[in-house]
Amino acid sequence: MNDPQNARKPKILVTRRFPDAVMARAARDYDATFHDDSTLLSGDALVRACEGQDGLFFSPTEKLTAEVIAGLPESVKVAATFSVGVDHVDLEAARARGLKVGNTPDVLTDATADIALLLMLGAARRAYEGERMVREERWYGWSPTEMLGIHMSGKRLGILGMGRIGQAVARRARGFDMEIHYHNRSRLSPDLEAGATYHESPDDLLKVSQFLSINAPATKENHHFLNAERIALLPERAVVVNTARGTLVKDEDLIAALRSGRIAAAGLDVFEGEPKINPVYKDLSNCFLLPHMGSATEETRDAMGFKALDNLDAFFAGKPLPAEVA
Ligand code: 8YV
């Protein structure tokens with residue numbers, strides 16, 4: 001930061017233990033209070049912890065609900081989240097209260113798209129079952145018909161939400177010779193579309209999606225988007241992957257379809273109510289499950305932290321946030 005010497009450094013609350021380089025920069029540039037990472041802050045405790053602060057450096061584990069925002073001390077004028085997703089923030093309440101909110105787009109696009117491909121392969125090629133078979137010494141030798149999975153090449157991949165991450169999934173999937181289809185709130189320009197087929201209605205997208213990748217941000221409108229009726233639109237034995245948010249999937253309905261084989265396999269990195277996921281997923285061998293690690297690379301998590309700090313730096317320098325969502 002360019003604070004003149006001796007100027008008071010802005011006070012910020014840092015709610016989680018972020019990567020070392022990020023913590024070091026926060027400690028260097030701010031009068032930072034580092035919350036002990038062993039407990040999560042929520043509700044009144046979060047509000048109390050903000051007492052005397054000018055800003056907040058937080059993550060999706062801290063929910064900025066309308067009540068929390070209403071309770072924030074006047075002094076807190078900016079909140080920088082360590083995420084691209086902002087479904088943990090009531091943006092309307094933030095705007096009404098004049099709380100600036102920044103997020104971290106772009107820097108996690110590749111890492112998250114990589115995990116979507118890992119989920120597609122893991123689910124379609126039965127990685128979980130194969131891994132277990134080897135480790136549990138149940139692999140009795142090669143067989144021509146054992147562990148047959150679903151081929152990716154030549155299949156139609158439907159991408160729900162063709163933002164930065166959806167487009168990065170498409171780029172990767174083209175390398176697997178998949179045919180790309182998508183639905184997005186608005187159609188992309190031809191150069192961004194790069195030959196992908198646009199479906200104006202999400203239901204039309206589902207009808208062609210032998211593989212479905214969910215990449216749309218969570219909104220009120222798409223809560224439980226993938227329910228029994230929509231699953232019925234998918235081709236038989238489709239593969240579904242989700243790296244966006246668990247709330248887009250109605251777990252009971254997906255589980256029923258995985259049990260019956262209507263859906264061949266699912267790869268899930270995000271879950272409603274995570275980390276307390278619907279326990280039935282753990283009993284299904286046609287699920288490839290990861291613990292919300294889409295952005296979990298060293299480089300990406302550093303870049304996310306720096307981007308969040310860039311948002312705070314800009315605010316305290318009197319400039320617009322580089323990635324402002326409220
Ligand atoms: C984060 C994510 O790891 O940025 C997001 O929205 O979902 C993940 O990449 C997670 O939100 C924790 O910060």
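Residues numbered from 1 in each chain as written. Predicted model: local features only at pLDDT ≥ 70, side-chain atom pairs only at ≥ 80, totals over all residues. Heavy atoms only, no water.

F57, L157, I180 and F211 are the most contacted members of the largest nonpolar core, which totals 49 residues. Considering each element in turn, this core owes the most residues, eight residues, to helix α5 (residues 109-124). Viewed by domain, this core spans two of them, domain 1 (11-107 + 298-316) and domain 2 (109-289), each represented by three or more residues. Apart from the residues lying within four places of it in its own chain, the contact partners of F211 are M120, A124, I150, H151, M152, K155, R156, L157, G158, M178 and V239. The next biggest cluster of nonpolar side chains, apart from the first, holds 27 residues, and it includes L234, L254, I263 and L268. (Core = buried A, V, L, I, M, F, W, Y, C linked by side-chain atoms within 4.5 Å. Buried < 20%, exposed > 50% of the residue type's maximum accessible area, 1.4 Å probe, protein only. Helix = DSSP H or I, 4+ residues; strand = E, 2+ residues; numbered from the N terminus. Domains from an automatic or database assignment. Contact = heavy atoms within 4.5 Å.)

Our next topic: the sheet that holds strand β5 (residues 100-102). Pairing within the open sheet is parallel, and its five strands lie in the order β2-β1-β3-β4-β5. The two strands at the open ends of the sheet, each matched to only one other strand, are β2 (31-34) and β5. Across this sheet, the average inter-strand angle for adjacent strands is 20 degrees, counted without regard to direction. Pairing geometry for strand β1 (residues 11-14) and strand β3 (residues 55-58), over three bridges, is parallel. Its bridge partner being in β3, V14 is matched across the sheet by F57. (Pairing = 2+ DSSP bridges. Axes fitted to C-alpha atoms, helices over the stretch in contact; angles between N-to-C directions.)

Taken together, P60, F82, S83, V84, G85, L108, R245, H292, S295, R301 and M304 are the residues near the ligand. Between the ligand and R301 there is a distance of 3.0 Å, counted from an oxygen atom to a side-chain nitrogen or oxygen. Against a free-state accessible area of 330 Å², the protein chains account for coverage of 87% of the ligand. A class-by-class count of the residues in the shell around the ligand yields five nonpolar, four polar and two charged. (Near = heavy atom within 4 Å. Polar contact = N/O pair within 3.5 Å; in protein donor to acceptor, adjacent residues only side chain to side chain. Areas by Shrake-Rupley, 256 points an atom, 1.4 Å probe, with all protein chains shown as cover. Nonpolar A, V, L, I, M, F, W, Y, C, P; charged D, E, K, R; others polar.)

Let us look at the side chain of S59. The topology assignment puts S59 in the loop between β3 and α3 (66-71). Using a relative accessible area of 7% as the deciding quantity, one classes S59 as buried. Sequence-distant contacts of S59, that is, excluding residues within four places in its chain, are made with T15, R16, F18, T81, F82 and H88.

For the rest of this paragraph, the subject is the domain arrangement of the chain. Entries for the chain in the domain assignment read domain 1 (11-107 + 298-316) and domain 2 (109-289). Here the C-alpha centre of domain 2 lies 31 Å away from the C-alpha centre of domain 1. Across the contact, seven residues belong to domain 1 and five residues belong to domain 2. Carbon and sulfur atoms make up 43% of the area that domain 1 and domain 2 hide from each other, which totals about 530 Å². Of all residues in domain 1, D87, D106 and T300 give up the largest surface area on contact with domain 2, accounting jointly for 61% of the area buried on that side. Scanning the region where domain 1 abuts domain 2 turns up two salt bridges. Residue R164 pairs with D106 through a salt bridge whose shortest N-O separation is 2.8 Å. Taken together, the residues of the side of domain 1 that touches domain 2 break down into three nonpolar, two polar and two charged. (Buried area = accessible area lost by both parts, 1.4 Å probe. Salt bridge = Lys/Arg side-chain N within 4 Å of Asp/Glu carboxyl O.)

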